[in-house]
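Below are the chains, spelled out letter by letter.
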Amino acid sequence: MIEKVLIANRGEIAVRIIRACREMGIETVAVYSEADKEALHTQLADEAICIGPAPSSESYLSMERIISATLVSGADAIHPGFGFLSENSKFAELCEQCNITFIGPDSSVIRKMGNKQEARNTMVAANVPVIPGSKEPVYDAAAGAETAEKIGYPVIVKAALGGGGKGMRVAETAEEFENSFNTAQKETKMAFGDDTMYIEHFVQHPRHIEFQILADKYGNVIHLGERDCSVQRNHQKMIEESPSVALSEELRTKMGEAAVKAAKAAQYSNAGTIEFLLEKNGNFYFMEMNTRIQVEHPVTEWVTGIDLIKEQISIADGRKLNYIQEDVKITGHAIECRINAENPKKNFRPSPGAITDMYLPGGKGVRIDSAIYSGYTVTPYYDSMLAKLIVHAKNRKEAIRKMRSALGEVIIEGIDTNVDYQYEILHHPDFESGDIDIEFIERL
Ligand code: MV4
């Protein structure tokens with residue numbers, strides 16, 4: 001039985017996990033860096049252990065320090081949250097070796113899905129639709145050009161160990177290929193210390209649709225519907241919603257079945273996400289699997305009524321899923337806006353500093369997940385997300401109205417934020433009609 005959880009993370013997700021544990025009667029241990037002495041997660045947990053200086057490489061990314069803190073505190077499980085060590089297969093393996101329950105899938109599954117080309121091949125074998133592309137890894141531009149010719153232009157060159165857009169380049173034509181390939185490979189080598197590439201046909205103007213899945217350790221897998229995450233900028237999502245206006249009930253069933261098939265093929269357990277690209281004509285393709293809880297999980301929680309963090313802990317503790325597919329009903333519409341400390345007028349430059357005064361909205365159908373408070377100083381060391389504002393209403397139109405109203409109430413003084421920018425998006429005719437794809441923000 002899990003009785004004490006160490007949270008290997010910070011910010012709003014650490015707070016979210018502390019709350020779930022407390023409701024389940026589980027003790028909590030926070031870890032914090034010297035820059036996070038005054039952070040909310042440090043103050044809210046039952047215990048807090050300082051694990052090092054501000055840079056994440058010496059604190060939230062230090063496997064040794066986090067494992068040591070776990071052993072010292074007597075915690076029997078680690079929740080990694082998202083980012084940091086959450087998709088690090090070595091860290092999950094280290095937990096396994098130390099008899100610490102890692103709240104997530106097995107390290108072998110994290111490793112396999114972390115190799116994007118292996119993940120792709122797993123899905124091909126399982127009959128999950130994937131984007132036409134290379135079956136074998138590609139190591140040089142000459143071999144790549146031959147593959148690209150067979151696939152057909154435009155193509156996209158990707159890093160096998162990539163994800164999130166790093167080490168990725170599009171080649172519209174054969175003339176561009178060599179240059180695109182070499183640029184992508186150089187970036188890949190720098191970022192991942194590996195230069196294995198693969199090539200896919202480039203899908204134009206797709207939506208980013210992802211399916212939330214839950215899987216227990218006994219092979220039971222369900223999906224919790226989709227999230228439309230098309231509103232993003234530089235691979236940073238800004239707005240996520242569920243359900244997506246682009247899915248008919250028929251397509252939802254088809255994609256949901258593909259997502260369950262994908263999770264089964266990966267031998268997955270715990271909460272995970274299957275990312276798809278969806279074309280206007282309804283064709284969809286597996287893109288990647290995320291082997292962690294995601295930032296945008298609250299929109300799924302709200303339309304399904306399922307607490308994803310509690311399910312993660314229950315699954316990791318060896319219990320069967322509390323739901324079967326027929327239990328999952330999508331009710332109403334949820335939208336999440338990420339509120340960041342950044343200045344949209346200065347190319348979204350981060351804006352750390354002291355929050356001198358603030359007011360966050362509430363009321364029926366409004367949820368705030370955040371770790372900020374009046375007097376808190378936003379440090380420059382970590383990502384700039386301050387809060388997630390999530391709304392729920394009976395349909396999309398009313399959810400949009402509720403989000404506009406809630407955004408209008410937000411006051412955060414002392415630093416720059418993207419709240420006004422989000423407010424404008426919520427009034428854009430294409431957002432209002434749901435006519436969005438992954439290039440929506442670039443077109444603004
Ligand atoms: C693609 C694609 C189009 N065609 N693959 C972006 C990050 C990584 N997860 C894969 N990505 C993409 N892969 C093919 N074959 C377009 C993207 C992409 C993207 C995908 C989802 C959300 C936003 C995006 C922004 C730019 C590119």
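Refer to the structure presented above.
Residues numbered from 1 in each chain as written. Predicted model: local features only at pLDDT ≥ 70, side-chain atom pairs only at ≥ 80, totals over all residues. Heavy atoms only, no water.

Enquirer: Is there a simple way to explain the pairing of strand β12 (residues 270-278) in this structure?
Expert: Two faces make up the sheet, and in a regular strand the side chains alternate between them. Among the nine residues that make up β12, nine are buried, leaving the element largely enclosed by the rest of the structure. Of the strand pairs in this sheet, strand β9 (residues 207-215) and β12 are connected by nine bridges, and their pairing is antiparallel. Directly across from F211, in β12, lies its bridge partner I274. Direction of pairing for β12 relative to strand β13 (residues 284-290): antiparallel, over a ladder of six bridges. Bridging from a neighbouring strand, L277 pairs with Y285 of β13. The hairpin formed by β12 and β13 contains five residues between the paired strands, and G282 there has a positive phi angle of roughly 95°. (Buried < 20%, exposed > 50% of the residue type's maximum accessible area, 1.4 Å probe, protein only. Helix = DSSP H or I, 4+ residues; strand = E, 2+ residues; numbered from the N terminus. Pairing = 2+ DSSP bridges.)

Enquirer: How should the sheet that holds strand β8 (residues 197-201) be read in this particular structure?
Expert: Within a sheet, adjacent strands bond to each other through the backbone by hydrogen bonds, running parallel or antiparallel. Reading across from one edge, β7-β6-β8 is the order of the three strands in this open sheet, with antiparallel pairing throughout. Only two strands of the sheet have a single partner each, and these edge strands are β7 (169-171) and β8. Going from strand to strand, the sheet's axes swing by 25° on average, the running direction of each strand aside. Examined bridge by bridge, strand β6 (residues 155-159) and β7 share three bridges and lie antiparallel to one another. Residue pairing across strands places V157 opposite R169, the latter belonging to β7. The strands touched by helix α7 (residues 141-151) within the sheet are β6 and β8, with β8 carrying the most contacts at an inclination of about 20°. (Axes fitted to C-alpha atoms, helices over the stretch in contact; angles between N-to-C directions. Contact = heavy atoms within 4.5 Å.)

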